[in-house]
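Okay, here's what each chain looks like letter by letter:
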Amino acid sequence: MALTDTLTGIGNRHAFFETGTRFLIQRKPAVGHSSLLYVDLDGFKRLNDTRGHQAGDRALRIVAECLARNIRAGDFAARIGGDEFAIMLLDCDDHEVVSHRIREDIRAAMVAQGWAVTASLGLLTFHAPPVSMSDAMAASDMLMYRAKNAGKNRVARGVYTGGREVELV
């Protein structure tokens, strides 16, 4: 199975789950300094509906470029579906700074195109290994929706403490 998203050139959902399982579940020394970012674009559907799918595709490629330039070589970004992306920040002490930098870079890149597209992010920091990648993704997705419900173009942060528990920060 291919591991690269053909539109954006970054990892795809399958690659993200495979890499996440290997690093977050099997690699326990990363716990405490690793985070999962779930990114969902705000205003993307409207861009697609008003400017067409070519503009939407261009926006997705721009987001992938923003992610790539704001993460380190050991981190991993993927398009997990539609206008949703996920990033693993491994052994990273400044995950909150990185998440705000990514959000701002996406906003600025979209403004430069004349598009009203921003990003809402769920930042989940691991203080215990996740039960599964599916649980970790669900927790970071919940945080992303918290950011959207708080007004969009925000980062909502939580700490994974084990089991199915997420402590909101």
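Residues numbered from 1 in each chain as written. Predicted model: local features only at pLDDT ≥ 70, side-chain atom pairs only at ≥ 80, totals over all residues. Heavy atoms only, no water.

**Concerning the overall build of the protein**
And then number 1: Check the secondary structure of the protein and you find five helices and seven strands.
And then number 2: Listed by position from the N terminus, the elements making up the protein come as β-α-β-α-α-β-β-α-β-α-β-β.
And then number 3: Against the 2.2 N^0.38 benchmark of 15 Å for 169 residues, the protein shows a C-alpha radius of gyration of 15 Å, consistent with a compact globule.
And then number 4: In terms of overall dimensions, the protein has C-alpha extents of about 45 × 35 × 25 Å along its principal axes.
And then number 5: Taking all 169 residues of the protein together, the buried fraction comes to 52%.
And then number 6: Summarising the internal contacts of the protein: among those between residues at least 6 apart in sequence, 70% fall at separations of at least 24.
And then number 7: Summing over all exposed atoms, the protein offers an accessible surface of approximately 7800 Å²; the carbon and sulfur share of this is 51%.
And then number 8: Looking at the protein, you have 21 positive and 20 negative side-chain charges, and the mean spots of the two groups are 3 Å apart. (Helix = DSSP H or I, 4+ residues; strand = E, 2+ residues; numbered from the N terminus. Rg over C-alpha atoms; globule rule 2.2 N^0.38 Å. Buried < 20%, exposed > 50% of the residue type's maximum accessible area, 1.4 Å probe, protein only. Contact = heavy atoms within 4.5 Å. Areas by Shrake-Rupley, 256 points an atom, 1.4 Å probe, with all protein chains shown as cover. Lys, Arg positive; Asp, Glu negative; His and termini not counted. Charge placed at Lys NZ, Arg CZ, Asp CG, Glu CD.)

**Thoughts on the nonpolar core**
And then number 1: In terms of nonpolar packing, the biggest core is built from 31 residues, with Leu41, Leu67, Ile87, Ile102 and Ile106 touching the most fellow members.
And then number 2: At the level of elements, strand 2 (35-42), helix 2 (44-51), helix 3 (53-70), strand 4 (84-89), helix 4 (95-113) and strand 5 (118-126) are the ones that each hand at least two residues to this core.
And then number 3: A per-element tally of this core places helix 3 first, with eight residues.
And then number 4: Apart from residues lying up to four places away in sequence, Ile87 is in contact with Phe16, Ser35, Leu36, Leu37, Val39, Leu67, Ile71, Phe76, Ala77 and Ile102.
And then number 5: Membership of the second largest hydrophobic core comes to 19 residues, among which are Ile80, Leu124, Ala147 and Tyr160. (Core = buried A, V, L, I, M, F, W, Y, C linked by side-chain atoms within 4.5 Å.)

**Notes on the packing of helix 2 against helix 3**
And then number 1: Where helix 2 meets helix 3, the axes come as close as 6 Å, and the angle between the chain directions of the two elements is 145°. Judged by residue contacts, Phe44, Leu47, Asn48 and Arg51 of helix 2 engage His53, Ala55, Gly56, Ala59 and Leu60 from helix 3.
And then number 2: Broken down by class, the residue content of the contact of helix 2 with helix 3 amounts to five nonpolar, three polar and one charged. (Axes fitted to C-alpha atoms, helices over the stretch in contact; angles between N-to-C directions. Nonpolar A, V, L, I, M, F, W, Y, C, P; charged D, E, K, R; others polar.)

**Considerations on the state of the cysteines**
And then number 1: In this structure the tally under the stated criterion is zero disulfides.
And then number 2: With no disulfide of its own, Cys66 lies closest to Cys92 among cysteine sulfurs, the gap being 18 Å.
And then number 3: Residue classification places Cys66 among the buried residues on the basis of a relative accessible area of 0%.
And then number 4: On the accessibility criterion, Cys92 (2% relative accessible area) is buried. (Disulfide = S-S within 2.5 Å.)

**Section: the pairing of strand 4**
And then number 1: When you tally the buried positions in strand 4, you get six out of six residues, the bulk of the element.
And then number 2: Residues Glu84, Ala86 and Met88 line one face of strand 4 and the alternating positions Phe85, Ile87 and Leu89 line the opposite face, and both faces are buried.
And then number 3: As paired strands, strand 2 and strand 4 are joined by six bridges and run antiparallel to one another. Paired with Ser35 across the strands is Leu89, a residue of strand 4.
And then number 4: Of the pairings in the sheet, the one linking strand 3 (residues 76-81) to strand 4 comprises five bridges and is antiparallel in character. In the sheet register, Gly81 faces strand 4, and the bridge partner there is Glu84. (Pairing = 2+ DSSP bridges.)

**Regarding the pairing of strand 5**
And then number 1: In terms of burial, strand 5 is a largely internal element, nine of the nine residues being buried.
And then number 2: A two-sided burial pattern is seen for strand 5, the buried positions comprising Thr118, Ser120, Gly122, Leu124 and Phe126 on one face and Ala119, Leu121, Leu123 and Thr125 on the other.
And then number 3: Sheet analysis places strand 2 next to strand 5, joined by eight bridges and oriented antiparallel. Paired with Ser35 across the two strands is Thr125, which belongs to strand 5.
And then number 4: Note: strand 5 against strand 6 (residues 155-162), six bridges, orientation parallel. Bridging from a neighbouring strand, Phe126 pairs with Tyr160 of strand 6.
And then number 5: Chirality of the crossover, the property in question, places the unit of strand 5, helix 5 (residues 133-149) and strand 6 among those that are left-handed. (Right-handed = clockwise from strand over helix to strand, strands pointing away.)

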